[in-house]
Amino acid sequence: MAASETGATSFIDQVTNVSDFIWGGTWNGQVVSWLSIGGQPIPPMTLILLGIGMWIMIGLKFYPIRKLGSAFAGLFKGRQSDGDGEISPFAALSTALSGQVGTGNLAGVATAIALGGPGAIFWMWITALVGMALAFAEGSLAIRYREKTSDGVYRGGPMSYIMMGLGPKFTWLAILFCIGTLFSALVTGNSIQANAVADGLNELFGIEEWLGGLIVAVLVFIVIIGGIKSIGGVAEKIIPFMAAAYIIMAFIALMLNLEDIPATFGLIFYGAFNPQAATGGFVGAAIMLAIRAGVARGLFSNEAGQGSTPIAHAVAQTNDPEQQGRMAMLGTFIDTIVICTMTALVILTVQGDFTGGGQAVPHAWNSDLEGFAMTSGAFAAAFPLTVASVPIGTLVASTALILFVFTTLLTWSYYGERAITFIYDRIPGSTRGGEKVLHMIWRVLWCVVIYLGSTLDLTLVWRMGDISNAAMALPNLLALALLSGVVFKLAQGDRKAGRDFRADTPEEPNEY
């Protein structure tokens with residue numbers, strides 16, 4: 001028994017080391033000397049994501065910032081279909097957002113503040129702006145290079161723009177991306193989300209976690225059995241409503257503490273460029289720590305560059321890559337600049353009866369609360385009236401979490417489905433009928449994992465999720481860098497920019 005426990009501990013330690021190196025720049029808890037500045041570690045994924053993001057942003061001549069207004073104006077046009085595809089451009093945006101908006105918007109923001117102080121929020125904003133360039137690249141390429149099956153169904157994503165934009169010699173990169181996607185889908189897109197929604201149902205209604213997982217699995221299956229059109233239809237109805245409701249409640253909480261908002265922004269901007277210290281649960285953080293926390297959590301939330309959202313945008317009913325690119329960058333803006341910011345401002349502004357380090361502290365971010373409990377505690381302080389002994393604020397935060405996570409489970413099931421289908425299509429003799437059977441097997445497996453994940457100990461799962469996200473992002477980021485010249489032309493309105501690598505094949509989609 002002792003040996004097996006040692007082996008398990010050793011495995012967890014190794015997984016933790018890899019995760020910490022990728023996202024934190026440390027190994028065995030120590031700073032890697034050749035990857036640090038002033039003694040502070042520089043996470044490799046931060047360098048890669050921000051580096052490629054800035055390259056594309058500069059190449060686009062800051063298009064995402066210049067065209068933000070027209071992107072919002074396009075929301076109304078996006079409700080109408082004006083090209084080939086499966087769902088409206090707005091439904092595609094809603095589907096992508098349903099995958100982006102999840103635990104990162106509520107728990108991730110709180111973690112960023114705990115790790116890097118209020119200044120982390122400034123760097124989260126910077127990351128989102130850079131991420132908008134990556135999102136535009138992903139969304140526009142998803143429309144420029146997408147598949148059409150023998151029965152007329154459109155689909156795409158990084159695996160498609162790698163094959164069609166870079167050519168067959170990069171098949172290995174597309175398959176590598178799909179493997180990372182499957183890993184990430186089952187871990188971060190399913191198990192972590194299922195555990196969070198089961199916890200939320202337990203907190204609100206006292207439902208046992210296993211039963212909550214079973215209920216969610218059944219509800220998810222009812223939706224995903226209809227494929228992307230069903231997922232898009234549900235996302236289009238739920239996402240705008242729940243996002244608007246959450247933002248309104250956060251806005252009311254801030255208005256109730258209006259006089260403290262200027263001080264909150266002062267904390268954010270001061271903390272972004274100055275070392276900080278505070279009483280309570282927050283340990284003093286230097287500038288680099290604020291940058292690390294803001295960048296890592298910002299990227300976790302909006303998924304820019306990870307390669308997930310272009311799978312949703314590829315099915316939009318439009319033939320204009322630039323239009324859907326704007327939709328994609330708008331998703332990153334809404335996720336981080338709007339929703340994450342509202343969460344952060346509530347945590348930093350609302351005052352209540354909190355305890356940190358054994359003494360009373362004024363704000364949730366000063367307290368001993370961690371993750372979602374910090375967010376929920378801040379909302380509970382803003383809306384302390386109770387319903388069935390539960391503060392209204394807790395009901396708001398928990399309901400938002402449940403809905404956010406539920407739609408995330410829907411969307412990520414489709415991402416995994418696309419990845420496994422692409423790998424299957426590389427097998428000689430694969431058929432459309434075989435794809436449909438594989439889809440059904442995947443959807444059943446997906447719901448089984450929801451049930452199992454609802455009761456898991458997530459210590460190891462979170463670490464594996466960090467690794468799987470990187471495994472998914474790296475092939476996609478390489479493809480974005482190689483296709484950046486095509487992206488720049490797409491932004492100028494050239495719908496046919498770039499080379500086309502297409503060849504007739506007996507397997508689906510019959511044009512690789």
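In this text, all values refer to a predicted model and were calculated from it rather than measured experimentally. (Residues numbered from 1 in each chain as written. Predicted model: local features only at pLDDT ≥ 70, side-chain atom pairs only at ≥ 80, totals over all residues. Heavy atoms only, no water.)

1. Remarks on the overall build of the protein chain
Then, number 1: Counting secondary structure elements, the protein chain contains 20 helices and ten strands.
Then, number 2: For 512 residues, the compact-globule estimate of 2.2 N^0.38 gives 24 Å, and the C-alpha radius of gyration of the protein chain, at 22 Å, lies within 12% of that figure.
Then, number 3: Referenced to the eigenvectors of the C-alpha coordinate spread, the extents of the protein chain come out at roughly 70 × 55 × 50 Å.
Then, number 4: Burial statistics for the protein chain: of 512 residues in total, 60% are counted as buried.
Then, number 5: Total accessible area on the protein chain stands at roughly 19300 Å², and carbon and sulfur atoms take up 67% of it.
Then, number 6: A gap of 14 Å separates the mean positions of the 26 positive and 34 negative side-chain charges of the protein chain. (Helix = DSSP H or I, 4+ residues; strand = E, 2+ residues; numbered from the N terminus. Rg over C-alpha atoms; globule rule 2.2 N^0.38 Å. Buried < 20%, exposed > 50% of the residue type's maximum accessible area, 1.4 Å probe, protein only. Areas by Shrake-Rupley, 256 points an atom, 1.4 Å probe, with all protein chains shown as cover. Lys, Arg positive; Asp, Glu negative; His and termini not counted. Charge placed at Lys NZ, Arg CZ, Asp CG, Glu CD.)

2. Digging into the side chain of Ser484
Then, number 1: With respect to the helices and strands, Ser484 occurs in helix H20 (residues 484-490).
Then, number 2: Residue classification places Ser484 among the buried positions, given a relative accessible area of 6%.
Then, number 3: Among the polar contacts listed, one links the side chain of Ser484 to the backbone oxygen of Ala481, at a separation of 2.9 Å.
Then, number 4: Here Ser484 is in contact with Trp55 and Ile56, once residues within four sequence places are set aside. (Polar contact = N/O pair within 3.5 Å; in protein donor to acceptor, adjacent residues only side chain to side chain. Contact = heavy atoms within 4.5 Å.)

3. So, the side chain of Glu417
Then, number 1: Among the structural elements, Glu417 can be located in helix H17 (residues 392-425).
Then, number 2: If we skip the residues at most four places from it in the chain, Glu417 touches His439, Trp442 and Arg443.

4. Description of the nonpolar core
Then, number 1: In this structure, Ile56, Leu60, Leu141 and Val220 are the most contacted members of the largest nonpolar core, which totals 144 residues.
Then, number 2: Sequence-distant contacts of Val220, that is, excluding residues within four places in its chain, are made with Phe406, Leu409, Leu410, Trp446, Cys447 and Ile450. (Core = buried A, V, L, I, M, F, W, Y, C linked by side-chain atoms within 4.5 Å.)

5. Let's talk about the pattern of salt bridges
Pairs can form between side chains of opposite charge once their charged atoms are near each other.
Then, number 1: Enumeration over the complete set of coordinates arrives at 13 salt bridges.
Then, number 2: With a shortest N-O distance of 3.9 Å, Lys229 and Glu86 are connected by a salt bridge. Of this pair, Lys229 sits in helix H11 (residues 227-255) while Glu86 sits in the loop between helix H4 (68-77) and helix H5 (89-100), and the two are 143 residues apart along the sequence.
Then, number 3: Residue Lys229 is classed as exposed on the basis of its relative accessible area, which comes to 51%.
Then, number 4: In this structure, the salt-bridge partner of Glu322 is Arg326, at a minimum N-O distance of 3.4 Å. Placement of both Glu322 and Arg326 in helix H15 (residues 321-349) is noted, with a separation of four residues, approximately one turn of the helix.
Then, number 5: Here the salt bridges do not stand alone but share partners, grouping Glu147, Asp151, Arg155, Arg418, Asp425, Arg432, Glu435 and Lys436 into one network. (Salt bridge = Lys/Arg side-chain N within 4 Å of Asp/Glu carboxyl O.)

6. Thoughts on H17
Then, number 1: With 34 residues, H17 extends 50 Å between its outermost C-alpha atoms, agreeing within 8% with the 50 Å of an ideal straight helix rising 1.5 Å per residue.
Then, number 2: Among the 34 residues of H17, 28 are classified as buried, and the element is accordingly described as predominantly covered. (Expected span 1.5 Å × (residues − 1).)

7. Looking at the packing of aromatic side chains
Then, number 1: For the coordinates displayed, the defined rule picks out twelve aromatic pairs.
Then, number 2: Members of the aromatic cluster, each reached through a chain of ring pairs, are Phe122, Trp123, Trp125, Phe265 and Phe269.
Then, number 3: The lysine or arginine in question, Arg426, covers the ring of Phe422, its NZ or CZ lying 4.3 Å from the ring centre. (Phe/Tyr/Trp six-rings, centres within 6.5 Å; stacked < 30°, edge-to-face > 60°. Lys NZ or Arg CZ within 6 Å of the ring centre and 35° of its normal.)

8. Let's talk about the pairing of strand S8 (residues 359-363)
Side chains on a regular strand alternate between the two faces of the sheet.
Then, number 1: Where strand S7 (residues 351-356) and S8 come together, four bridges link them in antiparallel fashion. Looking across to S8, one finds that Phe354 is bridged to Val361. (Pairing = 2+ DSSP bridges.)

9. Here's the deal with the packing of helix H6 (residues 103-116) against helix H7 (residues 119-144)
Then, number 1: Look at H6 against H7: their axes get within 8 Å of each other, and the N-to-C directions meet at 125 degrees. Considering their axes alone, H6 and H7 lie oblique with respect to each other. Within the contact between the two elements, H6 uses Val109, Ala112, Ile113 and Gly116 and H7 uses Gly119, Ala120, Ile121 and Met124.
Then, number 2: When its residues are assigned to classes, the contact of H6 with H7 shows six nonpolar, two polar and no charged. (Axes fitted to C-alpha atoms, helices over the stretch in contact; angles between N-to-C directions. Parallel < 35°, antiparallel > 145°, perpendicular 65-115°, else oblique. Nonpolar A, V, L, I, M, F, W, Y, C, P; charged D, E, K, R; others polar.)

10. Here we look at H6
Then, number 1: Taking 1.5 Å as the rise per residue, H6 with 14 residues should run 20 Å; its terminal C-alpha atoms sit 18 Å apart, in good agreement.
Then, number 2: With eleven of 14 residues buried, H6 lies mostly within the body of the structure.
Then, number 3: Residues of H6 that are buried: Thr103, Gly104, Asn105, Leu106, Ala107, Gly108, Val109, Ala110, Ala112, Ile113 and Gly116.
Then, number 4: Just past H6, the residue Gly117 takes up positive phi, approximately 75 degrees.

11. Observations concerning the environment of Met132
Then, number 1: Relative to the helices and strands, Met132 resides in helix H7.
Then, number 2: On the accessibility criterion, Met132 (1% relative accessible area) is buried.
Then, number 3: In sequence terms Met132 and Ser191 are 59 residues apart; their C-alpha atoms lie 27 Å from each other.
Then, number 4: Each residue touching Met132, except ones within four places of it in the same chain, is listed here: Pro64, Leu68, Met329, Thr332 and Phe333.

12. A look at unusual backbone geometry
Then, number 1: You will see that Lys61, though not glycine, has its phi angle at about 55 degrees, which is positive.
Then, number 2: Within the element layout of this structure, Lys61 appears in the loop between helix H2 (44-59) and helix H3 (63-66).
Then, number 3: Classification of Lys61 by relative accessible area gives exposed; the value is 60%.
Then, number 4: One non-glycine residue with positive phi stands out, namely Phe62, at about 60 degrees.
Then, number 5: Along the chain, Phe62 falls in the loop between H2 and H3.

13. Side note on the packing of H5 against H15
Then, number 1: Interhelical geometry of H5 versus H15 gives an angle of 35 degrees and a closest axis separation of 10 Å. Here the hand of the crossing between H5 and H15 comes out right-handed. From H5, Pro89, Phe90, Ala92, Leu93, Leu97 and Gln100 reach across to H15, where they touch Gln323, Gln324, Met327, Leu330, Gly331, Thr332, Ile334 and Asp335.
Then, number 2: A per-class count over the contact of H5 with H15 returns eight nonpolar, five polar and one charged. (Left-handed = near helix turned anticlockwise from the far one by under 90°.)

14. Concerning the confidence of the model for the protein chain
Should pLDDT be low for a region, the predicted coordinates there are not to be read in detail.
Then, number 1: In the predicted model, the protein chain carries a mean pLDDT of 84, and the fraction of residues at 70 or more is 91%.
Then, number 2: Put simply, helix H13 (residues 287-302) is where the protein chain has its lowest mean pLDDT, 61, and H20 is where it has its highest, 95.
Then, number 3: Below a pLDDT of 50 lies the segment residues 1-5, which in the model reaches zero contacts outside its immediate sequence neighbourhood of four places, other chains included.
Then, number 4: Considering only residues more than four positions removed or in separate chains, one finds that residues 277-285, a stretch of pLDDT under 50, has 29 contacts. (pLDDT = per-residue confidence, 0-100.)

15. Focus: the environment of Arg326
Then, number 1: As for Arg326 and Ala96, which are separated by 230 residues in sequence, their C-alpha atoms are 13 Å apart.
Then, number 2: When residues no more than four places from it in sequence are discounted, the contact partners of Arg326 are Tyr63, Lys67, Ser70, Ala71 and Phe136.

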